[in-house]
Amino acid sequence: MTSVSRSSGFPDHRPRRLRATPGVRRLVAETRLHPAELILPVFVREGISEPLALTTMPGVVQHTRDSLRKAAVEAVEARVGGIMLFGIPAVKDAMGSEGTNPDGILQKAIRDVVSEVGDQLVVMSDLCLDEYTDHGHCGVLAADGSVDNDATLGRYAEMAVVQAEAGVHMVGPSGMMDGQVAAARTALDAAGYHNTAIIAYAAKYASGFYGPFREAVNSSLTGDRRTYQVDTANGREALRELDLDVAEGADIVLVKPAMSYLDVVRRVADVSPVPVGAYQISGEYAMVEAAAEKGWVDRERVIDETLLSIKRAGASLILTYWAVEAAQRLVAG
Ligand code: PBG
């Protein structure tokens, strides 16, 4: 074998120089993750006495109120930036009544977590009806069975206020009803909660990757959410949703899911006047955990790679079920 000389009067371009050692790679890394940018989504279920493991999301549980407090403390210790709470009521009905019950499970969980961690973690809550409705849709239904946009807005407005009363720092409208951010902002302001922020799911796509979440919240949904969530085929529509949400008062916007929508994250991040987050959802988590369990991928390496990719695409915040684990690794260096 003879090696080919690469110098023929030109400077000898060798990008590999900057890849040669761990030290130089660390020096020139363009994208870095910080625990404060990670948000941990958690589920708390009414009426259980032990945490319940989720079969489709190994490592994730439905918390009791008690175990949720401990999880919040663990997140603080790992220096995670925020926590997003999802409540699962014991009783579901057509209107999602428990979502507006001041003593409903989510409101209790908000009080618990805020009293436990104070300002050491930004406490957020899902503002949506699907955890509470017996039909599993994100809104209330009209007589013909369709999801009634404007009737749902009234329910969201009430939910925003009970969540704020419970002390949440940010509400996360995730139902993809038109006008949901304005409904929440107007209701919060009218009730005097000017400082309760809105982290809005601007572009939430109708995705098959939500599969495991349906187990996580004991959803009874039959059918799908294609009449209100964004079609996978569309990128421009995310920009329209961004404009509307910002005009309606969103403080932060989210794109969801993350990995199959990194182009959308990039497009939104390039033009958004407010911080942009991405939600790495249940199916993304499950896919990596399943492959790792089979020994087909290097689990930690792949997890860190997915998170870094989402950040590189332009998200400055990431919701991920691996938030605590990833933060612990980052803190350990
Ligand atoms: C709606 C909501 C969903 C998720 C978060 N908020 C479910 C859906 O739209 O079907 C999914 C989160 C995940 O899959 O990890 N309240």
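See the structure above.
Criteria and thresholds
- Residues numbered from 1 in each chain as written.
- Predicted model: local features only at pLDDT ≥ 70, side-chain atom pairs only at ≥ 80, totals over all residues.
- Heavy atoms only, no water.
- Near = heavy atom within 4 Å.
- Polar contact = N/O pair within 3.5 Å; in protein donor to acceptor, adjacent residues only side chain to side chain.
- Areas by Shrake-Rupley, 256 points an atom, 1.4 Å probe, with all protein chains shown as cover.
- 1 Å grid on protein atoms, 1.4 Å probe; cavity = no way out; pocket = protein on both sides within 12 Å on 5 of 7 lines; lining within 4 Å.
- Sits in = over half its atoms within 2 Å of the grid points.
- Nonpolar A, V, L, I, M, F, W, Y, C, P; charged D, E, K, R; others polar.
- Points joined across faces, edges and corners; volume = space filled by probe spheres on them.
- Helix = DSSP H or I, 4+ residues; strand = E, 2+ residues; numbered from the N terminus.
- Buried < 20%, exposed > 50% of the residue type's maximum accessible area, 1.4 Å probe, protein only.
- Pairing = 2+ DSSP bridges.
- Right-handed = clockwise from strand over helix to strand, strands pointing away.
- Expected span 1.5 Å × (residues − 1).
- Contact = heavy atoms within 4.5 Å.

Undergrad: Before we move on, could you go through the site of the ligand and cite the residues and values that matter?
TA: Lining the immediate environment of the ligand, one finds 17 residues, of which Asp130, Arg214, Lys256, Ser282 and Tyr321 sit closest. With respect to the ligand, the side chain of Arg214 contributes an N or O atom lying 2.6 Å from an oxygen atom. Within the side chain of Ser282, an N or O atom sits 2.7 Å from an oxygen atom of the ligand. Isolated, the ligand exposes 410 Å² of accessible area, and the fraction of that covered by the protein chains is 100%. When each cavity is represented as a set of grid points, the ligand is found to reside in the largest cavity. Across the shell around the ligand, the residue classes break down as seven nonpolar, three polar and seven charged.

Undergrad: How would you explain empty space enclosed by the protein if you had to name every residue and give the values?
TA: In this structure the tally under the stated criterion is one cavity of 30 Å³ or more. Estimates place the volume of the largest cavity at around 130 Å³. Considering the residues around the largest cavity, the lining is formed by 18 residues, among which Asp130, Lys204, Tyr210, Phe213 and Lys256 are closest to the centre. Of the residues assigned to the lining of the largest cavity, the class counts are eight nonpolar, three polar and seven charged.

Undergrad: An account of the environment of Gly295 is requested, with residue identities and associated values reported.
TA: Note that Gly295 resides in the loop between helix H9 (282-293) and helix H10 (299-312). By relative accessible area, which is 59% here, Gly295 ends up exposed. Separated by 199 residues in the primary sequence, Gly295 and Gly96 have C-alpha atoms spaced 42 Å apart.

Undergrad: With reference to specific residues and values, describe the pairing of strand E7 (residues 197-204).
TA: Of all eight residues in E7, eight are buried, a share of seventy percent or more. Of the pairings in the sheet, the one linking strand E6 (residues 170-173) to E7 comprises two bridges and is parallel in character. Its bridge partner lying in E7, Val171 is registered against Ile198. Where the polypeptide runs from E6 across helix H5 (residues 180-190) and back to E7, its parallel neighbour, the crossover connection is right-handed. Here five bridges tie E7 to strand E8 (residues 252-256), and the two strands are oriented parallel to one another. Note that in E8 the partner of Lys204 across the bridge is Lys256.

Undergrad: Give a description of the pairing of strand E1 (residues 38-45) that names residues and reports values.
TA: The buried fraction of E1 amounts to seven of the eight residues, a majority that puts the element mostly inside the structure. Sheet topology places E1 next to strand E10 (residues 317-319); two bridges connect them, and they run parallel. Note that in E10 the partner of Ile39 across the bridge is Leu319. Note that E1 and strand E4 (residues 82-88) share seven bridges and pair parallel. Within the sheet, the bridge partner assigned to Val42 lies in E4 and is Leu85. Pairing of E1 with strand E3 (residues 61-63), which is carried by two bridges, proceeds in the parallel orientation. Paired with Phe43 across the two strands is Gln62, which belongs to E3.

Undergrad: Can you lay out H10 for me, pointing to particular residues and giving the numbers?
TA: When the terminal C-alpha atoms of H10 are compared, their 20 Å separation across 14 residues agrees well with the 20 Å that a helix rising 1.5 Å per residue should span. Looking at H10, one finds that the buried residues are Ile303, Thr306, Leu307, Ser309, Ile310 and Lys311. Where the residues of H10 are buried, they touch helix H8 (262-271), strand E9 (276-279), H9, E10 and helix H11 (323-332). Gly314, located one to two residues past H10, shows a positive phi value of around 125°.

Undergrad: Residues and numbers for unusual backbone geometry, please.
TA: In this model, Lys256 is joined to Pro257 through a cis peptide bond whose omega is -5°. By the element assignment, Pro257 lies in the loop between E8 and H8. Positive phi outside glycine occurs at Arg79, with the angle close to 65°. Relative accessible area serves as the criterion here: at 55%, Arg79 is assigned to the exposed category. Unusually for a residue other than glycine, Met176 sits at a positive phi of about 60°. Within the secondary structure, Met176 sits in the loop between E6 and H5. Classification of Met176 as buried rests on a relative accessible area of 5%.

Undergrad: Outline the side chain of Ser272, supporting the account with residue identities and numerical values.
TA: On the secondary structure map, Ser272 appears in the loop between H8 and E9. At 2.7 Å, the side chain of Ser272 forms a polar contact with the backbone oxygen of Val274. Discounting residues that sit within four places of it in the chain, Ser272 has contacts with Leu242 and Val253.

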